[in-house]
Amino acid sequence: MLMAGLFAIIIEGFMKSGGLLEAFEKTGHHGRLELFNFTIDPFMRHNTLNFILGHGFTIFCLYGTHQPQVQRYCSLPSLKHAIKAVIFAMPLSIFTVALCLLCGIVIFATYADCDPITLGHIRVADQIVPHFVKDQLGFIPGMMGLFTACVFSAALSTLSSGLNSIAAVIWEDFFVKIPVMKSMTQNGQANSVRALAAVFGFVAIGLAFLAPHMGHILAATITAMGAFNGPLGAVFFMGLLMPFVNKTGALCGMITGFISMSWITAGSFILKKSHIPLPYSVDACLDALPGSNNLTLPMNIQNIGSTEIEWPEKIFTLSYVMYPFVGGMITFSVGIVASILSGGKSNSFYHVDNQKF
């Protein structure tokens, strides 16, 4: 269902923009295809190095420590099957991301000279895809329903696995240790886990009402996830690659990483730092608008740039892409130092029983 919606947008977008080459040419002409920018600046919103470090670390954390992923690994019969699942999932993930990028290219090419934000048709960039579907595909019977089904299928498939996973973790790590809970029947325990999942579902619904106040939804999501995934992934890698790190170091590093990134995240939302957008154009449709001679277009928002803010507030302008990497580095540094100061860990304890594994 998700793929059907993506292909529908891509095909219609290429047709409206004049074809594949024309779409890429328009996008590149307006400065939206800057593939390689090796500027060393962690405060720059997007550049190649930030993506390699930040998103690369996120991918490692996702496949190594993300609870739904780990739960899927554990459901497979052996380690080899888990490795095969990861290998097969990678090209599919790359393919899906490529389709999303193509959607962005064709939608921009369609509105390259008739920007709907500047004209007031939509308020924020997050509304561009629904606007495109309504504007360009709304005449096709059933297309709006197909798009709605795509959105819900993508959201529910992720939420369902995530809610069930977090409910299972909370139950196994905390509630099952309570004598009353431990003595419950299997049906009682299963119902309790379902109740936990329902509670977290209501929490997720409540948090959804905060989404309009958090800026662009993708950046806000990566920011919030990065603040927690980075330190958690760093603990995983310390346990895997650094045998001298003990539990004291791992715990101190993880707590410091969580607190530091939560502080930076909260500060960035309070500061409401944003990026300076690339220029928009309405040259192709301004003259066709009724009363265009008297039309006052909204100016592009003058956002706060990181170069305009001095330290220590400048730390809150850190690129959202770098949150996982920075959180991981803080956890690494504190974890290593705390482990050394607390005596480290003997190599005799770092013995892996391959048969048990």
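Every value quoted in this text rests on a predicted model; they were computed, and no experiment measured them. (Residues numbered from 1 in each chain as written. Predicted model: local features only at pLDDT ≥ 70, side-chain atom pairs only at ≥ 80, totals over all residues. Heavy atoms only, no water.)

Comments concerning the overall build of the protein
Piece 1. Assigned secondary structure in the protein consists of 12 helices and zero strands.
Piece 2. If you list the helices and strands of the protein from N to C, you get α-α-α-α-α-α-α-α-α-α-α-α.
Piece 3. Here the protein holds 357 residues, and the buried ones make up 32% of them.
Piece 4. Contacts in the protein between residues far apart in sequence, at least 24 positions, make up 76% of those at least 6 positions apart.
Piece 5. Counting only carbon and sulfur atoms, one obtains 70% of the accessible surface of the protein, whose full area is about 22100 Å². (Helix = DSSP H or I, 4+ residues; strand = E, 2+ residues; numbered from the N terminus. Buried < 20%, exposed > 50% of the residue type's maximum accessible area, 1.4 Å probe, protein only. Contact = heavy atoms within 4.5 Å. Areas by Shrake-Rupley, 256 points an atom, 1.4 Å probe, with all protein chains shown as cover.)

Considerations on helix α12 (residues 323-341)
Piece 1. Given a rise of 1.5 Å per residue, 19 residues ought to cover 27 Å, and the 27 Å separating the end C-alpha atoms of α12 matches this to within 8%.
Piece 2. Where α12 is concerned, the buried positions are Y323, P324, F325, G327, G328, T331, F332, G335, A338 and S339. (Expected span 1.5 Å × (residues − 1).)

A word on the nonpolar core
Piece 1. I9, I107, F132 and L137 are the most contacted members of the largest nonpolar core, which has 18 residues in total.
Piece 2. Elements represented by at least two residues in this core include exactly α1 (2-17), α5 (79-110), α6 (128-136) and α7 (143-173).
Piece 3. Counting residues per element, this core draws most heavily on α5, at six residues.
Piece 4. Those residues in contact with I9 that lie beyond four places of it in its chain are C103, V106, I107, V129, F132, V133, L137 and F147.
Piece 5. In this structure, F43, A227, F237 and M261 belong to the second largest nonpolar core, which totals 17 residues. (Core = buried A, V, L, I, M, F, W, Y, C linked by side-chain atoms within 4.5 Å.)

With respect to the packing of aromatic side chains
Piece 1. A full pass over the atoms with the stated rule returns nine aromatic pairs.
Piece 2. A centroid spacing of 6.1 Å and a plane angle of 45 degrees characterise the contact between F57 and F237, whose relative ring orientation is tilted. Pair noted here: F57 is in helix α3 (residues 48-65) and F237 is in helix α10 (residues 217-241), with a separation of 180 residues, a long-range link.
Piece 3. On the accessibility criterion, F237 (16% relative accessible area) is buried.
Piece 4. Relative to F237, the ring of F236 has its centre 5.4 Å away and its plane inclined at 75 degrees; by these criteria the two rings are edge-to-face. (Phe/Tyr/Trp six-rings, centres within 6.5 Å; stacked < 30°, edge-to-face > 60°.)

Regarding the confidence of the model for the protein
Piece 1. Looking at the protein as a whole, its pLDDT mean stands at 78, while 85% of the residues score no less than 70.
Piece 2. Averaged over each element, pLDDT in the protein is lowest for α7 (79) and highest for α12 (90).
Piece 3. Counting contacts from residues 292-307, a segment whose pLDDT is below 50, to residues more than four positions away or on other chains yields 26 contacts.
Piece 4. Contacts of residues 347-357 to residues separated by more than four positions or lying in other chains number six contacts, the stretch itself having pLDDT below 50. (pLDDT = per-residue confidence, 0-100.)

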